[in-house]
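Tertiary structure, described
The residues making up each chain are set out below.
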Amino acid sequence: SNIFFRPIEKINAVIESYPKGIAGFKRYLEIIDTEPEIADSKNAVEFESVKGDIRFENVSFGYESSRRILSDISLSVRPGETVAFVGPSGAGKTTICSLLPRFYEVEEGRITVDGVDIRNVKLQSLRKHIGIVQQDVFLFSGTIKENIAYGDLSATDEQIWDAARRASLEELILTLPDGMDTVIGERGVKLSGGQKQRLSIARMFLKNPPILILDEATSALDTETEALIQQSLAELSVGRTTLVIAHRLTTIKNADRIIVVNTDGIAEQGNHEELVAAGGIYSRLHQVQYSHS
Ligand code: ATP
C-alpha cells in the first residue's frame, strides 16, 4: 500500500486550487513546504547538516487506537547504510518508513536522527533532509524542467540536466518535441510509469537529501527500463542512508542489511547470505518466491 497516500491527497487538493505556470507553482511549493500538518514544538531545532544515523527506540504505533500495527520496534541504521524491509503484505514495512518523515506520530518510544528526537526538530527541516521515491510519483501540469526542478527551485539549467542524466532521462528528453520545455501531464505528453519514476529520481538528485526512502514499485516494467531505474537508484543511494520498502530480489540482495518484518514485528535481520544460511523466515520466503531466479 502507498504510504504517502494521505499527504499526496492533500497536495492534489492544494494544486487544483492554484493557477498554472511557474508563479503559481512557486506559490504552491511554499504552501506545501510550510503548511503545518503537525505544529512544531516551541523549542524545535533545525538540522544544519545530517549524517543520517537513524534509530527507532521501542516504537509503538497504530492508525487507530484500537489496533496496534507496530509494537515495541527497535532498529538502528548507520549513516550511508542501505536497509531493505521485506515481509508479507500488511506487516507494517510502509508504516515504519512513514513514521520517519512524521506523516504519523509514534505513540510510544521515539525515533531519532543523528541522536535528536524527530519531535524536537522543525518538521520542514526534518523533511528537507529526507527524499522519497515512490511509484505513484506526483507530477503536475508543467514542463519536464519544472517537474524536475521541484527538487530544488534554485537549481540552474546545468544542474537540472545533470540530474536528468543521472536519472537516465536524457535520451527521452532529447526525443521530445520541446526537450526540457515539453509540457507533461494531463494537457501534455503522457509519461509511462518508468519515465515518471525516473523523473522522481531526477528530483532527488537535485534535492540531494542525506536520507532516502524508496517505496519500490510492484508494477512490472520492461527489463530495460527496470535496469535503468535500478542503476539510477543504486547511484542515488550512494552515501545516503536508504530505507527501501523492497519488492525486487536484486534490491534485496544488494542491500547492506535486510530487515524482515512480520505481524509480530522485526523477525530477523542480516544480509542475504546470512539470512539464507540462518534458515528462518527469509530463507523460506526466498525459496518460495524466488526459487526460479
Ligand atoms: P505492503 O507490502 O502490502 O505494502 P506493508 O508491510 O507495507 O504492506 P503497511 O502498509 O505498513 O504494510 O500496513 C500495515 C497495516 O496497517 C495493514 O494492516 C494496513 O491495513 C494498515 N494501514 C496501512 N495504512 C493505513 C492507514 N492509512 N489507515 C489505517 N490503517 C492502515
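Now for a quick tour of the structure. (Residues numbered from 1 in each chain as written. Predicted model: local features only at pLDDT ≥ 70, side-chain atom pairs only at ≥ 80, totals over all residues.)

Time to look at the site of the ligand. Around the ligand, a shell composed of 12 residues is seen, among which Tyr 63, Ser 89, Lys 93, Thr 94 and Thr 95 lie nearest. Residue contributions to the shell around the ligand peak at three residues, all from helix α3 (residues 93-99). Split by residue class, the shell around the ligand holds four nonpolar, seven polar and one charged. (Near = placed C-beta within 6 Å. Helix = DSSP H or I, 4+ residues; strand = E, 2+ residues; numbered from the N terminus. Nonpolar A, V, L, I, M, F, W, Y, C, P; charged D, E, K, R; others polar.)

Relative to the helices and strands, Glu 48 resides in the loop between α2 (22-34) and β1 (54-61). Taking the number of C-beta atoms within 10 Å as the measure of exposure, Glu 48 has 6 and is therefore exposed. Sequence spacing of Glu 48 and Ser 125 is 77 residues, and the spatial spacing of their C-alpha atoms is 8.6 Å. (Buried ≥ 20, exposed ≤ 12 C-beta atoms within 10 Å, placed from the backbone.)

Right, let's talk about the pairing of β1 for a bit. Where β1 meets strand β2 (residues 70-77), five bridges bridge the pair, whose relative direction is antiparallel. What sits directly across from Ile 54, in β2, is Val 77. As judged from the five bridges shared by β1 and strand β4 (residues 108-113), these two strands associate in the antiparallel manner. What sits directly across from Ser 60, in β4, is Glu 108. (Pairing = 2+ DSSP bridges.)

Core analysis: the largest hydrophobic core is formed by 69 residues, its most contacted members being Ala 84, Phe 85, Ile 148, Ala 202, Val 244 and Ile 258. The biggest single contributor to this core is helix α8 (residues 193-207), with six residues. (Core = buried A, V, L, I, M, F, W, Y, C linked by C-beta atoms within 7 Å.)

As a further point, take the sheet that holds strand β11 (residues 257-262). One open sheet accounts for six strands, arranged β6-β9-β10-β3-β11-β12; its pairing is mixed. Each edge of the sheet is formed by a strand with only one pairing partner; in this case those strands are β6 (130-134) and β12 (265-270). Averaged over all pairs of adjacent strands, the angle between strand axes in this sheet comes to 20 degrees, irrespective of strand direction. In the packing of α8 onto the sheet, contacts are made with β6 and β9 (211-215), and the angle to β6 comes to roughly 170 degrees. (Axes fitted to C-alpha atoms, helices over the stretch in contact; angles between N-to-C directions. Contact = placed C-beta atoms within 7 Å.)

Note that all results are geometric; they support no functional claim without further evidence.
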